[in-house]
Amino acid sequence: MDSSKTIPHEIGGIRPDALRFGLHGVKSDVLESHPLQSSYESVEMRKEEMKRKVLGSTYGSALGLKMDLDQQILSRFQRPPGPIPSSMIGLDAFTGSLDHIGLEDYLNDPRDSEVVRPVDMHHGMEVHLGLSKGPVCPTFF
């Protein structure tokens, strides 16, 4: 591996960057997701698998491969990190999630909060290109 793209590590893992991302909280590492959330996600995965099986048996296995390829292409399309987030409208239209009203549709968007820190575009591009580690933008709270 090219040594110019590596980041020095401490013993036991990647050193957290407290100046860029704030202090690390342990609560999210200790607590699991809510039982209903994991149940909901498993039901959604089973629905998607069943839908793919029905489409595969109806139209042939090539349709499933084409749908996977289309989904991969649409999930890669993003704006560079900055003040305007990627909407991923193509992926939402392809997966049918435009028809569902979620929490983010009627509750406030965390990016509109007064306590949100601005996105560092340079660090976001470093993470996108693999030159730096960590989340593209700092946590909201």
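As a starting point, this report considers the structure included with it. Numbers given to residues run from 1 along each chain, matching the order in which its sequence is written. In view of the model being predicted, local features appear only for residues whose pLDDT reaches at least 70, and side-chain atom pairs are presented and counted only at 80 or more, with totals across whole chains, interfaces and linings using the full set of residues. Side-chain metrics rest on all non-hydrogen atoms present in the structure, leaving aside hydrogens and water.

Attention shifts here to the packing of helix α3 (residues 35-59) against helix α4 (residues 61-76). Here the axes come from fitting lines to C-alpha atoms, over the contacting stretch only for helices, and the angles between their N-to-C directions go from 0 to 180 degrees. Only runs of H or I of at least four residues qualify as helices and only runs of E of at least two qualify as strands under DSSP, and these elements are numbered from the N terminus. One way to put it is that α3 packs onto α4 with a least axis distance of 6 Å and a crossing angle of 130°. With respect to each other, α3 and α4 are oriented oblique. Contacts between α3 and α4 involve R52, L55, G56 and Y59 on the former and, on the latter, S61, L63, G64, M67, D68 and Q71. A class-by-class count of the residues in the contact of α3 with α4 yields four nonpolar, four polar and two charged. Each angle is binned into one of four classes, with values under 35 degrees roughly parallel, values over 145 roughly antiparallel, values of 65 to 115 roughly perpendicular, and all other values oblique. Residue contacts follow a heavy-atom distance rule, with two residues in contact if any of their heavy atoms lie within 4.5 Å. Polarity classes work like this: nonpolar for Ala, Val, Leu, Ile, Met, Phe, Trp, Tyr, Cys and Pro, charged for Asp, Glu, Lys and Arg, and polar for all others, with Gly in that last group.

Okay, α3 next. Given 3.6 residues per turn, any residue in an α-helix points the same way as the ones three and four places further on. Under the 1.5 Å per step criterion, the end-to-end length of α3 is 36 Å for 25 residues, consistent within 8% with the ideal 36 Å. Downstream of α3 by a residue or two, G60 has a phi angle that is positive, lying close to 105°. To estimate how far a helix should extend, the number of its residues minus one is multiplied by 1.5 Å.

Further remarks concern the pattern of salt bridges. We define a salt bridge as a side-chain nitrogen of Lys or Arg found within 4 Å of a carboxyl oxygen belonging to Asp or Glu. Summed over all chains, the structure comprises four salt bridges. For D68, the salt bridge goes to R52, with nearest N and O atoms at 3.2 Å. You can see D68 sitting in helix α4 and its partner R52 sitting in helix α3, a full 16 residues away along the chain. Categorising residues by exposure relies on relative accessible area from a 1.4 Å probe, with only protein chains included: less than 20% of the type maximum marks a residue as buried, more than 50% marks it as exposed, and the intermediate range marks it as partly exposed. Assessed through its relative accessible area of 24%, R52 is described here as partly exposed. Between D70 and K66 there is a salt bridge whose closest N-O contact spans 2.9 Å. With D70 and K66 both in helix α4, this residue pair falls four residues apart, about one helical turn. Its relative accessible area of 23% is what places D70 among the partly exposed residues. Under the relative-accessibility criterion, K66 is labelled partly exposed at 47%. Each of the salt bridges in this network shares a partner with another, and the network as a whole consists of E48, R52 and D68.

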